[in-house]
Amino acid sequence: ATPTSIMAGSGRSAELGVLFKGGEYLETTQSVDTIVLDKTGTVTNGAPSLTDLKVSADWSGEESSLLRWIASAERGSEHPLAEAIVQGLRERGVAPSEPDSFEAVPGFGVRATVEGRELLVGTRRLMDSRDVSVPEEALREMGRLEEQGKTAMLVAADGRYAALVAVADTIKESSRQAVERLQRLGLQVIMMTGDNERTARAIARAAGIQHVLAEVLPEGKAAEVKKLQEAGRKVAMVGDGINDAPALATADIGMAVGTGADVALETADVTLMRGDLNGIADAIGLSRKTMRNIR
Ligand code: ADP
Ligand code: MG
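The present account deals with the structure reproduced in this document. (Residues numbered from 1 in each chain as written. Chains lettered and ligands numbered in written order. Predicted model: local features only at pLDDT ≥ 70, side-chain atom pairs only at ≥ 80, totals over all residues. Heavy atoms only, no water.)

Turning our eyes to something else, we now look at the coordination of the magnesium ion (ligand 2). The coordination sphere of the magnesium ion (ligand 2), as far as protein atoms go, consists of D38 (OD), T40 (O) and D240 (OD), spread over 2.0 to 2.3 Å. Donor residues binding the magnesium ion (ligand 2) come from one chain and are separated in sequence as D-x1-T-x199-D. Note that T40 is positioned in helix 3 (residues 39-43) and D240 in the loop between strand 11 (235-239) and helix 11 (245-250), a separation of 200 residues in sequence. (Donors = N, O, S within 2.8 Å, 3.2 Å for Na, K, Ca; no water. Helix = DSSP H or I, 4+ residues; strand = E, 2+ residues; numbered from the N terminus.)

In this section: the site of ligand 1. Looking at ligand 1, there are 20 residues lining it, with T40, E74, H79, G107 and G194 nearest. Between a nitrogen atom of ligand 1 and a side-chain N or O atom of E74, the distance comes to 2.5 Å. The side chain of K221 places a nitrogen or oxygen atom 3.5 Å from an oxygen atom of ligand 1. Within the complex, the protein chains bury 94% of what would otherwise be the 560 Å² of accessible surface of ligand 1. For the shell around ligand 1, the secondary structure elements donating two or more residues are helix 5 (80-91), strand 5 (109-114), strand 6 (117-122) and strand 7 (151-157). Along the lines of polarity and charge, the residues of the shell around ligand 1 split into six nonpolar, eleven polar and three charged. (Near = heavy atom within 4 Å. Polar contact = N/O pair within 3.5 Å; in protein donor to acceptor, adjacent residues only side chain to side chain. Areas by Shrake-Rupley, 256 points an atom, 1.4 Å probe, with all protein chains shown as cover. Nonpolar A, V, L, I, M, F, W, Y, C, P; charged D, E, K, R; others polar.)

Such coordinate-based values are descriptive only and should not be taken to indicate function.
The following block contains the structure:
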């Protein structure tokens, strides 16, 4: 590629809010055939809010104490789900206390000691790993919430199932149209998330995405990208989170949503300044056009 044409491409790209960190990325982007989209904060707005809260009928203590413990346990987590839970409980008049200990279990949830109780908040697998038995009815309710695209999380106190909480995120207004544009360009669009299969499918359906990789652990995201590459795909990974950084680095092209975490922005080859997914198709269009002009 000649420097002048690359520079011309870069000028147009700035207008579109697409920042290539170097001319070589403008070259590589045109050869991409697969787009892997992170779910939370990329396809969705990434600002979930608490929608459901169901304390178990078997819970014998004070409900207000349980809610305070949940808020206290989640307070130490920087996960958007945790922020949604804490915020939602505050709005319901709950004042969290300082946990005695706190541990994030990436991809699964949190474990904390609060006012002498052991609290677990997170996935079914988190409960299984700590031998918490969850009643059938709670699992059915969890499934119903997930069908609605909500992320449902289980709560246990001192090893016993205590409550179900759910949060809902909204799909970015632009996501559906942006996905359609990518599909029209002949690209395969895949959504990847640590969230469960049912929630992921409901969100993907609403965004017009047919292919879903769900329940991918944070450290597994890069491996999924690698697998696609080994199958001969040229992959662009699009993400916003700390979790996404290794996958962004592994992909042929890493694209970070401009509103994302610093690590994601630093690792990516391309920044989508406008924060919506239309930037992906813009980047590819631009890259194809620039390279055509050069040849
Ligand atoms: P994502 O890819 O959507 O950011 P993560 O890999 O971070 O998802 O998390 C996967 C799942 O682990 C979540 O859907 C949730 O069920 C559970 N989880 C993660 N963090 C928390 C938390 N702070 N509190 C409760 N559950 C959590
Ligand atoms: Mg994300």
